[in-house]
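If you want the building blocks of each chain, they are given just below.
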Amino acid sequence: MSHSASPVLQPFTLGDLKLKNRVVMAPLTRSRSSTEGVPPAYAADYYAQRANAGLIVTEATNISPQGVGYAYTPGIWSDAQVDAWSKVTEAVHRNDGRIVMQLWHTGRISHPDVQPNGALPVSASAIRPEGQAFTEKGMQDHVTPRALETDEIPGIVEDYRRAAANAKRAGFDGVEVHSANNYLLEQFVRDSTNKRTDRYGGSIENRLRFPLDAVRAAIDAWGGPNRVGIRLSPATTQPGNTPLDSTTHDTYGAYVDALSKLGLLYIHTIEGVTQQTRDVPEGVDFADLRRRFSGAYMANNQLTLELCEAELKEGRADLFSFGRPYIANPDLVYRLTEDGPLAEAPKATWYGGDFHGYSDWPGMKGPVEIRR
């Protein structure tokens, strides 16, 4: 049965971007970059093969050497990185796709082995996350981070500005500020990880100050908010087994209100717990966050075409991002259209390695043809 008439698979206008459909490729960390954070040449094929999505959001990309939390993840602070990413954006555009870069600072979800000169990771406060970090030496227990000094934070805001400007220079169609999954910006947002007593801690207004400054820096770099989105995750505890904010809806409601006033292009929300469940804890109201935001709302987490259609009909979301299905199904939109089977990627291929299990997945009808 063909679903070609599905409203989810029809063109959509996002700000001034014309998208082929409402399907988004979600950011997927794949750990294929060099130790200098340079994406491999075959990343251009990987992303171009998936240009059937209305929009691609890149794997999370480090804004600075200090932002790195996982081995072999890409960056956007050096000329070599900009040059490599330029080849990716050219390949996606040749295949009529649209692509934005997700800007990332992992904060405490890191390890000295992936930090410059073996330094401690930084965070809002010196609170150790649970779990382990992926390093060149393998998995290692997280450590207690160093709380950032007040006068260090404006410098990280400038790192966001530079990263956004470099993404623009690399030919991206926009940027997505990663303020989700308990990485640095969310470590400031949540009172479970932010115990500061300076202007960046305490009240909701203070805890949102740094994240909003980072967003404003990205807006400044792009000359306006119409190519800047953000990712949020009010309900997820991972990574780090991180407790939720004590007044989750008040905090994230204030955050969304401020983002809406800035005129941001979209918010990209993880509904539930990353990779685990769509169950929403008490005190989190995604429908209200959607109502409070003036731009587009992108839903994420264990979606199906049927669920997307229902959410679109009910006005709960405008765009729908798919993560893991895009690993082994480069032609995902075609498979959704034709109600085709979805391939499953073995977990061993998710992180690390070379082009095998990355850019060599076939489509439903054989190799995915791309324009080079």
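Calculation rules
Think of each chain on its own: its residues are numbered from 1, step by step along the sequence as written. The predicted nature of this model means local features are confined to residues of pLDDT at least 70 and side-chain atom pairs, given and counted, to a pLDDT of 80 or more, with totals for whole chains, interfaces and linings taken over all residues. Side-chain metrics in this entry use all non-hydrogen atoms of the structure; hydrogen atoms and water are not considered. Any residue with an atom within 4 Å of a point lines the site, the site being either a cavity, points on a 1 Å grid over the protein atoms alone where a 1.4 Å probe fits but cannot get out, or a pocket, an open set with protein on both sides within 12 Å along at least 5 of 7 lines. Grid points are joined across faces, edges and corners, and a volume is the space filled by probe spheres set on the points. Segments assigned H or I by DSSP are reported as helices when at least four residues long, segments assigned E as strands when at least two residues long, and all are numbered from the N terminus. Throughout, the ten residues Ala, Val, Leu, Ile, Met, Phe, Trp, Tyr, Cys and Pro are labelled nonpolar, Asp, Glu, Lys and Arg are labelled charged, and all others, Gly among them, are labelled polar. How far a helix is expected to stretch is found by multiplying one less than its residue total by 1.5 Å. We call two residues in contact whenever any of their non-hydrogen atoms come within 4.5 Å of each other. Relative accessibility thresholds used throughout: buried, under 20% of the residue-type maximum; exposed, over 50%; partly exposed, between the two (1.4 Å probe, protein chains only).

Our focus in this paragraph is empty space enclosed by the protein. Applying the stated criterion across every chain yields a total of one cavity of 30 Å³ or more. Volume-wise, the largest cavity comes out at about 30 Å³. Every residue along the wall of the largest cavity is listed here: Glu271, Phe286, Ala287, Arg290, Tyr297 and Arg316. Among the elements that take part in the lining of the largest cavity, helix α7 (residues 286–292) stands out by supplying three residues, more than any other.

Now for the layout of surface pockets. Approximately 220 Å³ is the volume attributed to the second largest pocket. Lining the second largest pocket we find 16 residues, and of these Thr35, Val68, Tyr72, Val114 and Glu136 sit closest to its centre. Grouping the constituent residues of the lining of the second largest pocket by class yields eight nonpolar, five polar and three charged.

With that settled, the discussion passes to helix α3 (residues 153–169). Look at α3: 25 Å from first C-alpha to last across 17 residues, which is about the 24 Å you get at 1.5 Å a residue. Where the residues of α3 are buried, they touch α2 (79–94), β6 (99–104), β11 (175–179), α4 (184–189) and α5 (204–222).

Moving on to the environment of leucine 184. Within the element layout of this structure, leucine 184 appears in helix α4. Accessibility expressed as a relative area gives 0% for leucine 184, which makes it buried. Sequence separation of leucine 184 and serine 123 is 61 residues, and the distance between their C-alpha atoms is 6.2 Å.

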